[in-house]
Amino acid sequence: MSVKNISLDTDYVKAQFPAFQDPLSSKWTFFENAGGSYVPKNVINHLNTFMTSTKVQPYADFDISKIAGENMDKATNLFAEIINADKDEIIVSASTTLNMYVLSNAIKGILSPGDEIIVTNQDHEANIGAWRRLEKDGYVIKEWKLNPINAELEIDSLKKLLTSKTKLVAVTHCSNIVGSVNNLKLISKIVHDHNAFIVGDGVSYAPHGFPDVKDLDIDFYTFSLYKTFGPHLGLLYGKKSILNKLPNQNHQFLEGEVPYTLNPGGPNHEELSCLIGIHEYFDNLYNHHFANKDISIRNKIEQVNNLIAKHEEIIANPLLDYLDTRKDIRLIGKNKIKNKNRAPTVAFIFDNKSSKEVSNELIKRGIATRNDNFYAWRCLKALGIDTVDGVIRISMVHYNTSEDVNKLIYALKEIY
Ligand SMILES: Cc1ncc(COP(=O)(O)O)c(C=O)c1O
């Protein structure tokens, strides 16, 4: 089924998110979604239920403890299906930064000093710093530099860095500043042809469409659930065959208990359990728009992904057009979204105004945004942008509308 003739029902979408009815949040036109998104009522309900009825240590033999454990397992299983992984290939911990840190410590155990690791300067620091730390242990760190003219990571530049000593490439699926979607499937193929591992950061990609990790053929993939309509957690996917080889980072007696070997401390129980609500929300979204109910969770996700992508393209392109035509604004990244080549995460700077000043003017007009380097300070440095004042970032998700964008464009015209 194609989404050609179906449009996202944004009234329905907004009705699922209590923030749009809340007196404090509903006054904002919210454009800071790449920082953290709102949550649908299903997530809040599951969190409340867990805290009210089953807030005990899970997996004991009395009913409330059993239910707590069952819901935690259910959430893990659902998320495995959502991203086309197996349930023992998923780790849910506090954040992506933490997941990368633990993963890099584990991977260190199966590499040898002198091995080469490639990181980019387009990534958020979470997928750079964890790998750069390994330099002190004798690993050689190389940098895949973005093209400073168009801000893109180019495949030819990667190819020049790969050698027989390359053991790992860490790269973002989508930059939280540039917004471009990097061709992770192609990059995976190139990296695997060199017998190296690939680690993808999907934090800025996943809010716009949950990935199919098997289709990407990626070895490790991370994203932050608090940006995909959930609580403050990070999800790490790892291929089982590789997880099995990684040294245990958890208690000694948990040796061999993959994937818990990569999750010291375990998950936050109530937050893990409320991920069921993200699945319910996406399932409801599917059922609201599509007739064929008899398809797999992953297939439903793909339909919803396409619906969301179509909507995001429609709302974000007028903003990109507007920014691109202004002579006093430097837009970072592509000036049009086409075929999911870019996320609606739009960063820009003014030639003659500080980003802080512009951001404050927008906030005065009810537009929630911010200026920052958003922890992608190497990216900003490479683009010659002040890393303290940073960029103004307008980041949208599918509950944003054309009215939101019109209000923003109107405000920008009014201010300057
Ligand atoms: C692209 C990207 N990667 C990684 C992270 C780090 O995620 P976390 O806050 O879960 O550590 C962020 C956070 O903003 C991000 O935008």
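Residues numbered from 1 in each chain as written. Predicted model: local features only at pLDDT ≥ 70, side-chain atom pairs only at ≥ 80, totals over all residues.

1. Considerations on the overall build of the chain
Secondary structure assignment for the chain yields 15 helices and 13 strands. Taken over the C-alpha trace, the chain has a radius of gyration of 21 Å; the compact-globule value for 416 residues is 22 Å, and the two agree within 12%. Considered along the principal axes of its C-alpha atoms, the chain spans approximately 65 × 55 × 40 Å. Within the chain, the fraction of its 416 residues that count as buried is 48%. Partitioning the contacts of the chain with sequence separation of at least 6, the portion at a separation of at least 24 is 69%. (Helix = DSSP H or I, 4+ residues; strand = E, 2+ residues; numbered from the N terminus. Rg over C-alpha atoms; globule rule 2.2 N^0.38 Å. Buried ≥ 20, exposed ≤ 12 C-beta atoms within 10 Å, placed from the backbone. Contact = placed C-beta atoms within 7 Å.)

2. A short note on the pairing of strand E13 (residues 391-395)
For E13, the tally of buried residues reaches five of five residues, placing the bulk of the element in the interior. Taking every second residue as pointing to the same face, both faces of E13 are buried, with Val 391, Arg 393 and Ser 395 on one and Ile 392 and Ile 394 on the other. Sheet topology places strand E10 (residues 345-350) next to E13; four bridges connect them, and they run antiparallel. Pairing of Phe 348 across the sheet is with Ile 392, part of E13. (Pairing = 2+ DSSP bridges.)

3. Remarks on the site of the ligand
Taken together, Ser 95, Thr 96, Thr 97, His 124, Ala 126, Thr 172, Asn 176, Asp 201, Val 203, Ser 204, Ser 224 and Gly 234 make up the full set of residues adjacent to the ligand. Tallied by class, the residues present in the shell around the ligand amount to two nonpolar, nine polar and one charged. (Near = placed C-beta within 6 Å. Nonpolar A, V, L, I, M, F, W, Y, C, P; charged D, E, K, R; others polar.)

4. Examining the domain arrangement of the chain
You can read the domains of the chain as domain 1 (10-38 + 298-415) and domain 2 (46-277). Each of domain 1 and domain 2 has a C-alpha centre, and these two points are 25 Å apart. Ranked by the residues each element gives to the side of domain 1 that touches domain 2, the list is headed by helix H12 (residues 297-325), at six residues. Tallied by class, the residues present in the side of domain 1 that touches domain 2 amount to 18 nonpolar, seven polar and six charged. (Domains from an automatic or database assignment.)

5. Here we look at the sheet that holds strand E12 (residues 370-372)
Strand order in the open sheet made by the four strands is E9-E10-E13-E12, with antiparallel pairing throughout. Among the strands making up the open sheet, the edge pair consists of strand E9 (329-331) and E12. For this sheet, the mean inter-axis angle between neighbouring strands, taken without regard to orientation, is 35°. In this sheet, E10 lies alongside E9 in antiparallel orientation, the contact comprising three bridges. Residue pairing across strands places Ile 329 opposite Phe 350, the latter belonging to E10. Packing of H12 onto the sheet brings it into contact with E9, E10 and E13, and relative to E10 it is tilted by some 20°. (Axes fitted to C-alpha atoms, helices over the stretch in contact; angles between N-to-C directions.)

6. Side note on the sheet that holds strand E4 (residues 140-144)
Pairing is mixed in the open sheet, where seven strands are placed in the order E2-E8-E7-E6-E5-E3-E4. Edge positions in the sheet fall to strand E2 (90-93) and E4, since each has one partner strand and no second. On average, each strand axis in the sheet is inclined to that of its neighbour by 15°, with strand direction left out of account. The sheet contact formed by strand E3 (residues 116-120) and E4 spans five bridges and is parallel.

7. Comments concerning the packing of helix H2 (residues 41-53) against helix H11 (residues 276-289)
Their axes nearest at 7 Å, the elements H2 and H11 cross at an angle of 150°. It follows from the interaxial angle that H2 and H11 lie roughly antiparallel. Classified by chirality, the crossing of H11 by H2 is right-handed. Residues Asn 42, Val 43, Asn 45 and His 46 of H2 form the contact with H11, whose own contacting residues are Ile 276, Gly 277, Ile 278, Glu 280 and Tyr 281. Its residues placed into classes, the contact of H2 with H11 shows four nonpolar, four polar and one charged. (Parallel < 35°, antiparallel > 145°, perpendicular 65-115°, else oblique. Left-handed = near helix turned anticlockwise from the far one by under 90°.)

8. Brief notes about the environment of Asn 176
By the element assignment, Asn 176 lies in the loop between strand E5 (166-172) and helix H7 (184-193). For Asn 176, a count of 26 C-beta atoms within 10 Å gives the class buried. Along the primary structure Asn 176 and Ala 347 are separated by 171 residues, whereas in three dimensions their C-alpha atoms are 8.7 Å apart. Setting aside anything within four residues of it in sequence, one finds Asn 176 in contact with Ala 34, His 124, Val 203, Ser 204, Thr 345, Phe 374 and Ala 376.

9. Here we look at the nonpolar core
Ranked by size, the top nonpolar core spans 118 residues in total, and within it Ile 177, Leu 235, Tyr 237, Ile 332, Phe 348 and Val 391 carry the most contacts. When we break this core down by domain, the ones giving at least three residues each are domain 1 (10-38 + 298-415) and domain 2 (46-277). Not counting chain neighbours up to four residues away, the residues in contact with Ile 177 comprise Ile 332, Ala 347, Phe 374, Ala 376, Cys 379, Leu 380 and Val 391. (Core = buried A, V, L, I, M, F, W, Y, C linked by C-beta atoms within 7 Å.)

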